[in-house]
Amino acid sequence: MIEAYYGYINWGAVAKVRDLEKRYPQLLATVLVSFSEKKHLLSSSSYTHSSESNRENILDLATVLKVSQTLSGEVKLENLLSTLIQLMMENAGAQKCALILVKDQKLILEAMTHVVDTVIPTDNNQYLQNFQRLQVPVLATQELPQALINYVWRTQKFQVFDDATTEATWVNDSYLKQQQPKSILCTPIIKQGKLIGIIYLENNLTTGAFTAERLQLLEMITTQAAISLENALLYDTLEQKVERRTLQLNEKNQTLAQTLEELNEKNQCLAKTLEELNEKNQCLGQTLKELKQTQTQLIQTEKMSSLGQLVAGVAHEINNPVNFIYGNLDYTQEYTKDLLNIIQIYQDNYPEPVDEVIDIIEDVELDFLVEDLPKLLTSMKVGADRIKKIVESLRNFSRLDESEVKNVDIHEGIDSTLMILQNNLKAKPHELEIKVVKNYGKLPKVKCYPGELNQVFMNIIGNAIDALEPMRKESSNLLPQITITTKIETENQVIIQITDNGMGMSETVQKRIFDPFYTTKEVGKGTGLGLAISYQVIVERHGGKLECISTPQKGTEFIISIPL
């Protein structure tokens, strides 16, 4: 209805316009109110108005029709912006024009132009000499009065100033302060109650440049501009989508052509590859076997390296502060003893101290403190000594500095392993303690790879702990036990026997116990490499033997033999 109303005005159908105002005032309320507001605002700005009856005579109908035709003929946003700015400058008599659009609830300065000359140009092309397609947020520019534009955005009501320098309301606007413009017009572009954009016009040559007649003409232009802008934005969006889709399609076509070419080349190589594959399959069995052995060695090397570095790092970091604490505990005990002696002598010589001293003695419970402090220091020393032993065990176990063959004490390696596994051996809620029995013989130092041998002890004792897990329930009648025996045989062999009284294993399992990747544990609890690596370390690296003797329901024994 609103578009039809303006259309009849464009065509000069005065009678039809009056008929629509009379018959449909409720549908044209926003337009009629807009005319009323403009009349009031213009009168307050000292403009001279004609009556409603001769409004149609004021408008240059030929100009309005030309403007409508020109704007409606533009569908590309770039062309529409330049045309719209040119028309606004031409028909408003402005020196500066800025077109602002609302995008994603933000004001974006899309385009702006101005004339440098001190007179309004007569050649229309001069308006576009300084045309700029900026596309920047209004908040980021200093070329516009931001406060005024934000006010029009919020209220959707136009503002016109005969002389902006006399407007007290906007005296704090930084742009108006610096530029001191004279005539200003800021009007919204609205379509069906929705704000699309804002037009800002400025004239620095004269005051009162934007007359009532020009305002009415500009209103007609903005009405058509709202429709054309919406269409142009839609066209621009569709055009961008088409360009993106076309680009994507071309890229996919190029990719497809390249893929087809590569496929043809690969097909030519396929026959040759199949022939070569048949030849390689004949060697696959041997290759897989070697691969498993190599993989086992790599895993062992990486595991030992990582574990050794971790253990050595932890031991080193703990060792220094523990030594400091342990070394000062003796002095602390001595100083504490001296202080307690002084207190005792003081009490003997001054049995009746002043009230303040009595109160402090009662508050700190001096008798209890004197009795408990030595015990506390003793327990601290026991704890520090325990930490020292654990650190020493960790360092002995890692032996990063002993990757070569060394003469070492086998018992130290076993004890270090047991110390590391102590948490798994001790009693827990609803689980019994695993008793460890040591039957150590008198052994000389053995020439071996200490770090690798300690890993063998770790694997075998760790498996023994896992095997005893069912017996650790408090309801079990048997007490879980691991027995470690060391001795020397006549053939100059060191024998280490590690025995558990668990459930044992079947003969079938015993035959595969040293195979790589074979495990009887649940998924995620074992890799099947521990005993395979242990066998490799003892047999290949040390020239010894590793045997397993097991009887179902009676237990399992691992026998390690290492030549001296």
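Look up a bit, the structure's there.
Residues numbered from 1 in each chain as written. Predicted model: local features only at pLDDT ≥ 70, side-chain atom pairs only at ≥ 80, totals over all residues. Heavy atoms only, no water.

### Notes on the sheet that holds strand β2 (residues 106-114)
In step 1: The strand order β3-β2-β1-β6-β5-β4 describes an open sheet built from 6 strands, whose pairing is antiparallel. Either end of the sheet is taken by a strand with one partner, and the two such strands are β3 (132-137) and β4 (159-161). Strand-to-strand twist across the sheet, computed as the mean angle between neighbouring axes with direction ignored, equals 20°. (Pairing = 2+ DSSP bridges. Helix = DSSP H or I, 4+ residues; strand = E, 2+ residues; numbered from the N terminus. Axes fitted to C-alpha atoms, helices over the stretch in contact; angles between N-to-C directions.)

### A few points about the packing of helix α15 (residues 450-467) against helix α17 (residues 530-541)
To describe two helices that pack against each other, one gives the angle between their axes and the distance between the axes.
In step 1: Contact geometry for α15 and α17: axes closest at 9 Å, N-to-C directions at 140°. Between α15 and α17, the angle falls in the class oblique. The crossing of α15 and α17 is left-handed. Taking contact as the criterion, the partners of E452, L453, V456, N459, I460 and N463 in α15 are, on α17, G530, L531, S534, V537, I538 and R541.
In step 2: Here the residues of the contact of α15 with α17 sort into 6 nonpolar, 4 polar and 2 charged. (Parallel < 35°, antiparallel > 145°, perpendicular 65-115°, else oblique. Left-handed = near helix turned anticlockwise from the far one by under 90°. Contact = heavy atoms within 4.5 Å. Nonpolar A, V, L, I, M, F, W, Y, C, P; charged D, E, K, R; others polar.)

### Re the environment of M88
In step 1: Structurally, M88 is set in helix α6 (residues 77-92).
In step 2: Among the residues examined, M88 registers a relative accessible area of 0% and is labelled buried.
In step 3: Expressed as a C-alpha distance, the spacing of M88 and L201, which sit 113 residues apart in the sequence, is 8.1 Å.
In step 4: Sequence-distant contacts of M88, defined by excluding residues within four places in its chain, comprise G93, C97, I199, L201, L218, I221 and T222. (Buried < 20%, exposed > 50% of the residue type's maximum accessible area, 1.4 Å probe, protein only.)

### Things to note about the sheet that holds strand β8 (residues 435-439)
In step 1: Read across the sheet, 5 strands follow the order β8-β10-β11-β13-β12 without closing on themselves; strand pairing throughout is mixed. Strands at the two margins of the open sheet, each flanked by one partner only, are β8 and β12 (545-551). Direction aside, the axes of adjacent strands within the sheet are offset by 15° on average.
In step 2: Packing against the sheet, α15 makes contact with β10 (481-489), β11 (493-500), β12 and β13 (555-563), and its axis sits at approximately 170° to β13.
In step 3: Relative to the sheet, α17 contacts β12 and β13, its axis offset from that of β12 by approximately 135°.

### Topic: unusual backbone geometry
In step 1: You will see that Q105, though not glycine, has its phi angle at about 60°, which is positive.
In step 2: Locating Q105 in the fold gives a position in the loop between β1 (96-103) and β2.
In step 3: Q105 sits in the exposed class, given a relative accessible area of 66%.
In step 4: Here E365, not a glycine, exhibits a phi torsion of approximately 55°, which is positive.
In step 5: Its location among the elements puts E365 in the loop between α11 (355-364) and α12 (366-398).

### As for the nonpolar core
As a rule of thumb, nonpolar side chains are buried together in soluble globular proteins.
In step 1: Counting residues in each nonpolar core, the largest one holds 40 residues, and the members touching the most others are I410, I460, I482, I496 and I560.
In step 2: Elements with a contribution of two residues or more to this core: α13 (410-420), β9 (446-448), α15, β10, β11, α17, β12 and β13.
In step 3: The element best represented in this core is α15, accounting for 8 residues.
In step 4: Not counting residues up to four positions away in its chain, the partners in contact with I560 are V456, F457, I460, V494, I495, I496, I538, K545 and L546.
In step 5: Counting residues in each nonpolar core, the second largest holds 30 residues, with L81, L215, L217 and A225 among its members. (Core = buried A, V, L, I, M, F, W, Y, C linked by side-chain atoms within 4.5 Å.)

### Overview of the packing of aromatic side chains
In step 1: All chains considered together, the criterion is met by 5 aromatic pairs.
In step 2: Consider the rings of Y331 and Y335, whose centres lie 6.4 Å apart with planes at 35°: the pair is tilted. Here Y331 and its partner Y335 are both found in helix α10 (residues 284-349), 4 residues apart, which amounts to about one turn of the helix.
In step 3: A relative accessible area of 46% means that Y331 is categorised as partly exposed.
In step 4: Ring geometry for F514 versus Y535: centroids 5.0 Å apart, planes at 35°, classification tilted. A residue pair is termed long-range when its members are at least 10 positions apart, and F514 in the loop between α16 (507-512) and α17 and Y535 in helix α17 qualify at 21 residues. (Phe/Tyr/Trp six-rings, centres within 6.5 Å; stacked < 30°, edge-to-face > 60°.)

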